[in-house]
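# Chains, contacts and geometry: an overview
For reference, the chains in residue letters:
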Amino acid sequence: MSYKTTLLGAVTLCFAMPGIAQNSNIEESRLEAITVEGSRLDQTQTEIGSSVSIITAEDLKKLDFDFALDAVASAPGVTINQNGSYGGAASVRIRGASSGQTLVLIDGVPVGDPSTTDGSFNFAYLDTSDIERIEVLKGPQSTLWGSDAIGGVVSITTKQPEEKLGGSAYAEYGSFNTLRGGASIGNANETGDFRLSASGISTDGISKADEANGNGEEDGYDSTTLSAKGGLNLPAEARLEATLLWNDAESEYDSYSGGAQGSVADGDERTQNETLSGNVSLKVPLFDDRFENLLMVGYSDITRENFTNGTQSYFAEGDRQIYRYQGTFTVNDMNKLAFGAEREETTANDAESSIDGLFGLYEFKPVEKLTLTGGVRVDDHDTFGSETTGRVAAAYNPVEQLVVRASWGQGFKAPSIFQSTYICTFCGLTEPNADLKPESSEAFDIGADWTSEDGRAKAGITYFDQDTENMIDFSYTAGYDNIAKVKSQGVELYGSYQLTDWLGVAANYAYIDAEDGDGNELARLPENSGDVTMSYDPEGPFSGAVLVRFNGDEANTDGTTLNSWTRVDLTGSYDLTDSVELYGRIENLFDEEYQQILGYGTPGLSGSVGIRLRY
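Residues numbered from 1 in each chain as written. Predicted model: local features only at pLDDT ≥ 70, side-chain atom pairs only at ≥ 80, totals over all residues. Heavy atoms only, no water.

The subject of this paragraph is the overall build of the chain. Helix and strand counts for the chain stand at 5 helices and 31 strands. Against the 2.2 N^0.38 benchmark of 25 Å for 615 residues, the chain shows a C-alpha radius of gyration of 24 Å, consistent with a compact globule. Viewed in the frame of its principal axes, the chain has a C-alpha envelope of about 65 × 60 × 55 Å. Counting only residues that meet the buried cut, the chain has 53% of its 615 residues in that class. (Helix = DSSP H or I, 4+ residues; strand = E, 2+ residues; numbered from the N terminus. Rg over C-alpha atoms; globule rule 2.2 N^0.38 Å. Buried < 20%, exposed > 50% of the residue type's maximum accessible area, 1.4 Å probe, protein only.)

Here it is, written out as structure tokens:
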């Protein structure tokens, strides 16, 4: 039986039974996402000891982000790049680490594409309509999550089922003949709960190659997303859950042109991308809920197909299977343990790899105001052998309004299937590089978070320092080889103030100084970046927000400099009734001309209007 069939069957089972049972209030039996799930110890932000940014569904709605890419960029220390809007290849970097060194999880399942050069995840197609929250854990997290988590982890949780039979629907129309819409329905009862949703977007788009360079051809984008989530409440407070997320996207893009800016110009290119991810998990609490057990099987599959002038020019498929056990035992108020085992099997086209991991974590609270955390993990790769990583962290609350935190950790990334099997024939090679080794990192950060007594003001600061060695890059003598290293350090700041009950302002800023082993600044990474948000929500039907996003100068791969840019976006909503809402947004209010990647254009002044129903 295939993984796809198994996932579909499990999800069907989980949402079918609660759908036919009687409604009742079961808030006690449903898990609420009130902790940092990526900590693996159910720690809060005041306990985890390292820097974490959490983006909630409320944040996504307030700023009306259509794509997860734009939402993740609102976290300090996170930078993004995209080869043109609406379906252009999109990457996320944390504190200067490359996109392949950022582990992306959807409902706990790694979703990086094994068939790409570095195994990274393409954020271009991930819509926000099904996202409940996004956690960004910064710094090496391999002790928690294994390979790929050198720079950090982006953990995405899809929306939970409704507390009673109900749902929502929305439809909007905007610039570039963009249509976007979706609907969901869910239910919960004593037996369990379920949620089903569908969403889609279709747009004529803009030219991927910058229109300012004479590229007038529009590059369209179409995407459809389906998701399902369900759970069954079993005897003895056990719970069976399943999730499924499927996306099918088609995006037009432009061609290589050696003499053009960024080597890109109008052309007849198209890519089709199909993504499937999901998991089935069983949660079994024992000893009066002191010993929590999780068994999970996860799966992700990505298929990519490119066409040039209507003819297939490229095809690739990669998938991951995850087998996971975790036990979390609360000894007493002072001591908590988490331990587990994981196995990941990866395929890309005709090649395969696997990695097995064992981990242990310990939380110690010698006094109520101090949380100490330590952990160690051993991962054994079928080709590259064993890697051991460690992590320690401390969080101290001298007073209720202040948290002082520090953490140190190690990370590693096993070479991707592509890197470990590539034969550079034009280099005169006849076999892959047999001496390739995993990349590794070591980093620390220290910071503080403060909240005023009345809760109206918040502020935080983090200093980080990270060294990454054995970085894999292309070499004409070996194909792919461990020839690079990077040192990055910087500061992340955030602050917010509620001026009145209905008016608030928030801001964040990051300074990232990242250089390679030769002292050159990293390409496509701004040294300075930040956001300022003004939120307006008085009594009555209207609310709105203003977002100002700044991205500093960046070095291009050709040695030139990409200019800094500042973009202003407006969002607003108006409640016609308790269940009907009008909303709209204006993007790039002052029609800023800018590029995220040399040669690729971005939308000018644009906007959309829509209606949202709750039922």
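As for its position among the elements, Gln-101 is in the loop between strand E3 (90-94) and strand E4 (102-106). What makes Gln-101 buried here is its relative accessible area of 2%. Apart from residues no more than four positions distant in its own chain, Gln-101 is found in contact with Asp-148, Ala-149, Ile-150, Gly-151, Gly-152, Lys-413, Glu-439, Thr-468 and Met-471. (Contact = heavy atoms within 4.5 Å.)

With that out of the way, let us pick up the side chain of Asn-556. Among the structural elements, Asn-556 can be located in the loop between strand E27 (554-555) and strand E28 (561-562). Beyond its immediate sequence surroundings of up to four residues, Asn-556 is in contact with Ala-523, Thr-561, Leu-562 and Leu-598.

What follows deals with the state of the cysteines. Scanning the model with the defined rule gives 1 disulfide in all. Disulfide partner of Cys-424: Cys-427, at an S-S distance of 1.9 Å. Note on the Cys-424 and Cys-427 pair: the S-S dihedral is about 55°, so by sign convention the disulfide is right-handed. (Disulfide = S-S within 2.5 Å.)

Let us now look at the packing of aromatic side chains. Counted according to the given criterion, the structure contains 21 aromatic pairs. Measuring from ring centre to ring centre gives 5.5 Å for Phe-418 and Tyr-422, while their planes differ by 20°; the resulting arrangement is stacked. Considering the side-chain rings of Phe-474 and Tyr-480, the 5.8 Å spacing of their centres and the 80° angle between planes classify their relative orientation as edge-to-face. Judged by its relative accessible area of 26%, Phe-474 falls in the partly exposed class. Accessibility expressed as a relative area gives 14% for Tyr-480, which makes it buried. Three or more aromatic residues joined by ring pairs form one cluster here, namely Phe-418, Tyr-422, Phe-426, Phe-474, Tyr-476 and Tyr-480. (Phe/Tyr/Trp six-rings, centres within 6.5 Å; stacked < 30°, edge-to-face > 60°.)

Taken residue by residue, the chain gives an average pLDDT of 93. The fraction at 70 or more is 94%. Note on residues 15-34: pLDDT under 50 across the span, and 46 contacts to partners over four residues away in sequence or across chains. (pLDDT = per-residue confidence, 0-100.)

Here we come to unusual backbone geometry. In this model, Arg-40 sits at a positive phi of 65°, which is unusual for a non-glycine residue. Along the chain, Arg-40 falls in the loop between helix H1 (3-20) and strand E1 (52-56). For Arg-40, a relative accessible area of 4% gives the class buried. Phi is positive for Glu-237, which is not a glycine, with a value near 65°. As for its placement among the helices and strands, Glu-237 is situated in the loop between strand E11 (221-233) and strand E12 (239-256).

As paired strands, strand E13 (residues 264-286) and strand E14 (residues 291-308) are joined by 18 bridges and run antiparallel to one another. Each bridged residue has a counterpart across the sheet, and for Leu-282 the counterpart in E14 is Leu-295. Between E13 and E14, which pair antiparallel in sequence order, lie 4 residues; one of them, Phe-287, sits at a positive phi of approximately 55°. Of the strand pairs in this sheet, E14 and strand E15 (residues 311-330) are connected by 18 bridges, and their pairing is antiparallel. Bridge pairing in E15 places Gly-298 opposite Ile-322. If you look at the hairpin formed by E14 and E15, you'll find 2 residues sitting between the two strands, and Asn-309 has a positive phi there, around 55°. (Pairing = 2+ DSSP bridges.)

Below, the discussion takes up the sheet that holds strand E7 (residues 152-158). The 5 strands are arranged E1-E6-E7-E4-E5 in an open sheet whose pairing can be described as mixed. Pairing within the sheet leaves two strands with one partner each, and these edge strands are E1 and strand E5 (109-110). In this sheet, E7 lies alongside E4 in parallel orientation, the contact comprising 5 bridges. Paired with Thr-102 across the bridge in E7 is Gly-152.

Let us now look at the environment of Lys-365. Secondary-structure assignment places Lys-365 in strand E17 (residues 351-367). With a relative accessible area of 17%, Lys-365 lands in the buried category. Sequence spacing of Lys-365 and Ala-395 is 30 residues, and the spatial spacing of their C-alpha atoms is 9.8 Å. Here Lys-365 is in contact with Glu-47, Asp-333, Met-334, Leu-370 and Thr-371, once residues within four sequence places are set aside. Side chain to side chain, Lys-365 and Glu-47 meet in a polar contact 2.4 Å long. (Polar contact = N/O pair within 3.5 Å; in protein donor to acceptor, adjacent residues only side chain to side chain.)

Glancing now at the nonpolar core. Residues Phe-123, Leu-126, Ile-134, Val-154 and Ile-156 are the most contacted members of the largest nonpolar core, which totals 36 residues. The element that contributes the greatest number of residues to this core is helix H3 (residues 68-72), accounting for 4 residues. When sequence neighbours within four positions are dropped, the list of residues in contact with Ile-156 reads Val-104, Leu-105, Ile-106, Asp-107, Phe-123, Leu-126, Ile-131, Arg-133 and Ile-134. Membership of the second largest hydrophobic core comes to 14 residues, among which are Leu-41, Ala-149, Val-153 and Ala-338. (Core = buried A, V, L, I, M, F, W, Y, C linked by side-chain atoms within 4.5 Å.)

Judged by side-chain charge, Asp-204, Glu-211, Glu-217, Glu-218, Asp-222, Glu-252 and Asp-268 come together as a negatively charged surface patch. Mapped onto the secondary structure, Asp-268 falls in strand E13. Accessibility expressed as a relative area gives 44% for Asp-268, which makes it partly exposed. (Patch = residues over 30% accessible without salt bridge, like charges linked within 9 Å, V, L, I, M, F, W, Y side chains within 5 Å. Areas by Shrake-Rupley, 256 points an atom, 1.4 Å probe, with all protein chains shown as cover. Salt bridge = Lys/Arg side-chain N within 4 Å of Asp/Glu carboxyl O. Lys, Arg positive; Asp, Glu negative; His and termini not counted. Charge placed at Lys NZ, Arg CZ, Asp CG, Glu CD.)

This part covers the pairing of E11. Along E11, 10 of the 13 residues are buried, which leaves the element largely enclosed by surrounding structure. Note: strand E10 (residues 192-203) against E11, 12 bridges, orientation antiparallel. Across the sheet, the residue bridging to Phe-194 is Gly-230, located in E11. Connecting the antiparallel pair E11 and E12 is a turn made up of 5 residues, with Ala-236 showing a positive phi of about 60°.

Among the surface-exposed residues, Leu-165, Ile-185, Trp-502, Tyr-536, Phe-542, Tyr-574, Leu-576, Leu-582, Ile-611, Leu-613 and Tyr-615 lie close enough to one another that they form a single nonpolar patch of about 990 Å² accessible area. Positionally, Tyr-574 belongs in strand E29 (residues 565-575).

A few words on the environment of Phe-315. Of note, Phe-315 is situated in strand E15. By relative accessible area, Phe-315 is classed as partly exposed at 42%. C-alpha separation for the pair Phe-315 and Ser-251, spaced 64 residues apart in sequence, amounts to 15 Å. The contact partners of Phe-315, leaving out residues within four places of it in the chain, are Thr-303, Arg-304, Glu-305 and Asn-349.

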